[in-house]
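An overview of the molecular structure
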Amino acid sequence: MIGGGADERRESHSHVNYSELSGPADLVQARDVHGGVHFHGGGAPSAEPPPRQLPGDVRGFVNRHQELTFLDSLLATDQGDGQTITLTVITGTAGVGKTSLALRWAHRVRQHFPDGQLYVNLRGYDPGQPATPEQVLDRFLRALGVPAAAIPADSEDRAALYRSRLADRRMLVVLDNAATVSQVRPLLPGTGACLVIVTSRSRLSGLVARDGGRRLTLDMLPEDDAIALLDRIISPYRADDDPHEVAELARLCARLPLALRIAAERAASRPLMPLDELIQDLRDESALWDALSTGDDDEADAVRTVFAWSYRALAEETARVFRLLGLHPGPEFSAAAAAALAGVPRPRIRQLLDALVGAHLLEHRAPDRYQLHDLLRAYALDQARALEPEEQRQKVLRRILDWYLLTADAALAKTLPFDRRIELEPPADVVPLSFASGAEADAWYDAERDNLVAATRAAARAGLHRTTWQLAAVLRSVFMHRNAFDDWQTTAQLGLTAARALSDRYAEAELLESLGKAAFQARRLSEAAEHHRAALEIRRQLGDRFGEAVSANALGLLGLRHRRLDDSLRHFHQALTIFEEIGNRRWKALLLCNLGETCYELARLPEAADLLHRALAIQREIGDRGQEGNSLFFLSMTWRESGRMAEARESIEAALTIARDAGNPVWRAHWLVEQARVLRAMGEPAAALEAVHTAATLQRQVGDRSREAMALDGAGEAYVDLGQPEEAIRFHVLAATIHRQLDDAWQLALTLVHLATALTQAGRPAEAIPHLVEAHTLASQFPDARAVALCERIGPELDHLGDI
């Protein structure tokens with residue numbers, strides 16, 4: 001079945017690179033297919049707009065002419081093999097301006113990279129969790145136009161797809177704040193046409209020694225440049241400062257741009273206060289810090305001294321917000337999140353955030369997106385721990401975690417209104433966001449994904465077990481529909497641990513179900529079955545009838561995937577009985593559809609038609625358009641095999657209308673393959689070829705490899721009907737290769753039979769025989785009527801070919 005809700009069944013998630021895939025030797029003897037497969041007369045899909053992820057250029061940037069010239073030279077540097085330098089590592093101490101230099105240069109040279117720019121803050125030195133390569137690859141692939149369903153669960157497959165996507169592009173990739181080589185290496189393109197800029201406090205010697213990178217070590221600003229940076233910010237407000245005092249201020253800031261900007265803003269905001277008094281305040285702060293620190297790192301001490309100096313000048317309310325921001329679970333946040341964290345009205349929080357931005361203690365990086373430099377975040381956290389009582393810190397943390405939980409639940413209600421939701425008890429002091437549309441809620445999820453994972457981690461660390469499992473349960477459907485495997489697995493496992501710590505069996509079953517769905521979508525079917533059986537057992541013990549039926553349905557879907565159709569029937573009937581007892585009509589209709597699909601696969605066509613009509617009646621009454629389209633899809637298949645072609649055509653065209661109205665390419669791509677089958681059966685192979693062309697193109701974009709292979713196999717059948725068997729062979733070979741990679745024995749058997757037909761029509765009957773033999777072997781492992789019929793069909797064909 002297809003459509004929204006926690007019951008959605010999804011296929012595989014890896015990408016097929018047509019230019020690299022060829023038919024294996026056991027598929028076509030002596031005439032393997034190499035190179036691309038193309039539809040005649042088909043146009044390419046419209047190109048995705050190139051990503052433009054660079055943050056804005058840095059204001060107040062001074063000098064660094066020597067460093068910029070060095071970086072410019074890399075674009076024209078030949079390494080002796082015709083390749084230019086493709087990896088640059090900018091290193092230096094904290095606050096020295098590595099990110100500013102990288103962004104300034106990236107903006108200067110971006111015109112050399114017409115296919116776009118990718119940017120990520122790896123948060124290697126952040127007090128929170130650093131970004132993992134798997135998470136970054138997921139985001140980069142989405143930015144490169146790869147749909148969620150196309151992103152592999154396996155990290156190596158994900159990296160390979162990333163390199164494949166960049167293979168023919170000229171792109172600029174900025175990897176900011178890396179801590180280790182292992183954080184960076186999976187993110188390196190495999191082509192010399194792209195340029196990667198890495199910034200780090202570490203030397204990352206492995207990137208230079210093994211990956212051919214060039215290192216630029218950034219030192220403190222020269223004294224003249226440090227003074228120039230101060231003058232640029234101060235001079236519009238303070239015209240008569242003694243140059244020697246400005247130089248002394250630069251020295252006290254260790255000539256580090258981060259500290260210089262904060263100090264300059266402090267001086268500019270007090271134009272009537274003599275600069276020597278400000279300097280004396282800074283010296284006093286420095287003396288206090290010297291007494292408290294080890295003195296091992298003069299630059300770090302200078303930066304921290306400036307932080308403290310600027311922080312103490314803030315109004316008390318602003319200072320409180322600053323230190324509470326150190327308790328926020330993620331590095332980036334919205335004004336609404338800050339308001340929830342601090343417990344102040346939203347109009348007021350914007351004023352306080354603006355004050356922090358003005359003091360250069362907070363960055364305003366995008367509309368309604370704020371972040372603390374990792375050094376400032378660590379300082380804010382220290383101040384919160386020093387000045388806020390433990391009880392107050394826990395209250396603040398609970399408030400922001402509850403806000404994320406309740407807002408995520410509100411967004412879920414808007415994006416997936418049919419989805420099953422857990423019961424929450426909102427605290428009186430937390431007001432979540434509301435959403436006007438599903439698109440608005442989706443945008444919030446996209447912006448807050450990192451924070452939602454960080455919130456779940458923070459809840460687990462704080463021992464807030466109930467919040468942990470509830471966050472994980474709410475996020476289950478969000479991550480399922482985005483194929484966000486890493487975040488899904490992480491939060492679900494944290495939730496399961498929390499549920500078991502509470503001895504909350506209901507919660508444990510919810511999280512086992514989540515892990516089962518994640519494993520199912522990642523094609524880890526044995527693991528999925530283990531989780532779903534465990535959830536089913538708990539729910540039976542608890543008398544949770546609804547949950548028991550959901551688990552039974554999940555096991556039925558596993559039976560369909562394995563083609564254990566009797567198991568599917570048993571589980572689906574169990575689930576249907578329960579949903580009828582408890583009066584859940586939406587789930588009743590869904591189970592009727594699942595049973596209809598199973599009966600179709602068992603070749604019990606009248607029973608399938610009856611079940612699907614019953615499902616359609618309910619789906620139309622309750623307005624569940626996605627599931628209505630899915631039932632029409634299976635009904636078309638049933639009518640087609642029953643010889644009722646007019647009804648089949650009417651059903652599939654109605655389903656495609658639903659897909660078009662919803663703007664859903666997943667539904668449309670899948671259902672077009674059935675439309676092609678109907679058109680072929682009605683003697684319209686050219687129209688059928690057009691349908692599967694569109695389906696294959698969409699499936700490749702969507703990333704469903706199994707269904708892409710079905711579309712390619714359908715193209716082969718259309719070419720056979722058009723009298724072009726050589727073209728058909730190419731498509732059948734590619735489809736068989738994909739089904740073999742996915743270990744889909746049933747679909748492989750069907751495709752091998754189609755391949756044998758094309759080979760026979762092409763006058764190559766001897767080559768058809770081994771494919772029919774393999775198809776017979778594969779089909780004979782299934783006991784159902786359709787598989788038996790296929791074996792009975794193959795036998796005479798083998799006898800006939802053997803006589804030729």
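Residues numbered from 1 in each chain as written. Predicted model: local features only at pLDDT ≥ 70, side-chain atom pairs only at ≥ 80, totals over all residues. Heavy atoms only, no water.

1. Considering the packing of helix H28 (residues 665–681) against helix H29 (residues 685–702)
Our working rule: To obtain each axis, a line is fitted to C-alpha atoms, and for helices this fit is confined to the stretch in contact; angles are then taken between N-to-C directions over 0 to 180 degrees. Helix and strand labels come from DSSP, where a helix needs a run of H or I of at least four residues and a strand needs a run of E of at least two; each type is numbered from the N terminus. Any angle between 65 and 115 degrees counts as roughly perpendicular, while under 35 counts as roughly parallel, over 145 as roughly antiparallel, and the rest as oblique. For a crossing to be left-handed, the near helix must be turned anticlockwise from the far one by less than a right angle; the clockwise case is right-handed. Only heavy atoms matter for contacts: two residues are in contact if any of them lie within 4.5 Å across the pair.
Axis separation between H28 and H29 bottoms out at 8 Å; the angle between their running directions is 155°. The pairing of H28 with H29 is recorded here as roughly antiparallel in orientation. Once H28 is placed against H29, the crossing between them reads as left-handed. Each of Pro-665, Val-666, Arg-668, Ala-669, His-670, Leu-672, Val-673, Gln-675, Ala-676, Leu-679 and Arg-680 in H28 lies in contact with H29, whose residues at this interface are Ala-687, Ala-688, Ala-691, Val-692, Thr-694, Ala-695, Leu-698, Gln-699 and Val-702.

2. Some remarks on the environment of Ala-529
For Ala-529, the location among the structural elements is in helix H21 (residues 525–542). As for Ala-529 and Leu-558, which are separated by 29 residues in sequence, their C-alpha atoms are 7.2 Å apart. Sequence-distant contacts of Ala-529, that is, excluding residues within four places in its chain, are made with Leu-555 and Leu-558.

3. What to know about the sheet that holds strand S7 (residues 363–366)
We count it as follows: Pairing between two strands is assigned when DSSP locates at least 2 bridges connecting them.
Strand order across the open sheet formed by 3 strands is S6-S8-S7, with antiparallel pairing between neighbours. Each having just a single partner strand, strand S6 (332–333) and S7 make up the two edges of the open sheet. Here 2 bridges tie S6 to strand S8 (residues 369–371), and the two strands are oriented antiparallel to one another. Following the sheet pairing, Phe-333 is matched in S8 by Tyr-370.

4. Quick word on the confidence of the model for the protein
Short version of the rule: The predictor reports its confidence for every residue as pLDDT, a score running from 0 up to 100.
Here the protein averages 87 in pLDDT, while 91% of its residues score no lower than 70. In the predicted structure, residues 78–82 sits below a pLDDT of 50 and forms 4 contacts with residues beyond four places in sequence or in another chain. Segment residues 290–296 is flagged for pLDDT under 50; beyond a separation of four residues in sequence, or across chains, it makes 2 contacts in the model.

5. A few points about the environment of Gln-183
With respect to the helices and strands, Gln-183 occurs in helix H5 (residues 181–184). Gln-183 has contacts with Leu-122, Gly-124, Pro-130, Ala-131, Pro-133, Asn-177 and Ala-178, leaving out every residue within four places of it along the chain.

6. Side note on the packing of helix H22 (residues 545–562) against helix H24 (residues 585–601)
Each pair of packed helices can be described by the angle between their axes along with the distance between the axes. Their axes nearest at 11 Å, the elements H22 and H24 cross at an angle of 20°. Between H22 and H24, the angle falls in the class roughly parallel. Like other packed secondary-structure pairs, H22 and H24 cross with a definite hand, here left-handed. Contacts from Phe-546, Val-550, Asn-553, Leu-557 and Leu-560 of H22 reach H24 at Trp-587, Leu-590, Leu-591, Asn-594, Glu-597 and Thr-598.

7. Quick word on the sheet that holds strand S4 (residues 195–200)
Overall, parallel pairing links the 5 strands, which are arranged S2-S3-S4-S1-S5 in an open sheet. Among the strands making up the open sheet, the edge pair consists of strand S2 (117–121) and strand S5 (214–217). Neighbour to neighbour, the strand axes of the sheet diverge by 15° on average, direction disregarded. Pairing analysis gives 4 bridges linking strand S1 (residues 87–91) to S5, with the strands arranged parallel. Across the sheet, the residue bridging to Ile-90 is Leu-216, located in S5.

8. A few points about helix H2 (residues 98–109)
Put simply, the test is: The span one expects for a helix is its residue count, reduced by one, times 1.5 Å. The classification of residues rests on relative accessible area computed with a 1.4 Å probe and restricted to protein chains. Under 20% of the type maximum is buried, over 50% is exposed, and intermediate values are partly exposed.
End to end, H2 covers 17 Å across 12 residues, agreeing with the expected 16 Å (1.5 Å per residue, within 8%). Among the 12 residues in H2, 9 count as buried, and that is most of the element. Those residues of H2 lying buried are Lys-98, Ser-100, Leu-101, Ala-102, Leu-103, Trp-105, Ala-106, His-107 and Val-109.

9. What to know about the pairing of S7
Along a regular strand, successive side chains alternate from one face of the sheet to the other. Where S7 and S8 come together, 3 bridges link them in antiparallel fashion. Counted as the bridge partner of His-364 is Tyr-370 from S8. Taking the residues between adjacent antiparallel strands as the criterion, S7 and S8 are bridged by 2 residues, where Asp-368 takes a positive phi near 60°.

10. A word on unusual backbone geometry
Among all residues save glycine, negative phi is the norm, and among peptide bonds the norm is trans. With phi around 60°, Asn-177 is a residue other than glycine that occupies positive phi space. Inspection of the secondary structure puts Asn-177 in strand S3 (residues 172–178). Of note in the backbone geometry, Ser-503 takes a positive phi value of approximately 55° without being a glycine. Assignment of secondary structure puts Ser-503 in the loop between helix H19 (485–502) and helix H20 (505–521). Using a relative accessible area of 60% as the deciding quantity, one classes Ser-503 as exposed.

11. Describing the nonpolar core
Rules: The criterion is simple. A nonpolar core is a set of buried Ala, Val, Leu, Ile, Met, Phe, Trp, Tyr and Cys residues joined through side-chain atoms within 4.5 Å.
Core analysis: the largest hydrophobic core is formed by 136 residues, its most contacted members being Leu-249, Phe-322, Leu-325, Ile-349, Trp-403 and Trp-444. It is helix H16 (residues 390–415) that contributes the most residues to this core, 11 residues altogether. In terms of nonpolar packing, the next biggest core, distinct from the first, is built from 103 residues, Ala-552, Leu-555, Met-645 and Leu-755 among them.

12. Quick look at a negative patch on the surface
Basically, it comes down to this: Patches draw on residues past 30% relative accessible area with no salt bridge. Two like charges within 9 Å are joined, as are two nonpolar side chains (Val, Leu, Ile, Met, Phe, Trp, Tyr) within 5 Å. For accessible areas, the Shrake-Rupley method is used with a probe of radius 1.4 Å. Any residue's cover is judged against the shown protein chains and nothing else. For this analysis, a salt bridge means a side-chain nitrogen from Lys or Arg found within 4 Å of a carboxyl oxygen belonging to Asp or Glu. Only four residue types enter the tally: Lys and Arg on the positive side, Asp and Glu on the negative side; His and the chain ends are excluded. Taken as the charge centre is NZ of Lys, CZ of Arg, CG of Asp or CD of Glu, depending on the residue.
Taken together, the side chains of Asp-242, Asp-276, Glu-277, Asp-281 and Asp-284 make up a negatively charged region of the molecular surface. Of note, Asp-276 is situated in helix H10 (residues 275–292). The class of Asp-276 is partly exposed, set by a relative accessible area of 40%.

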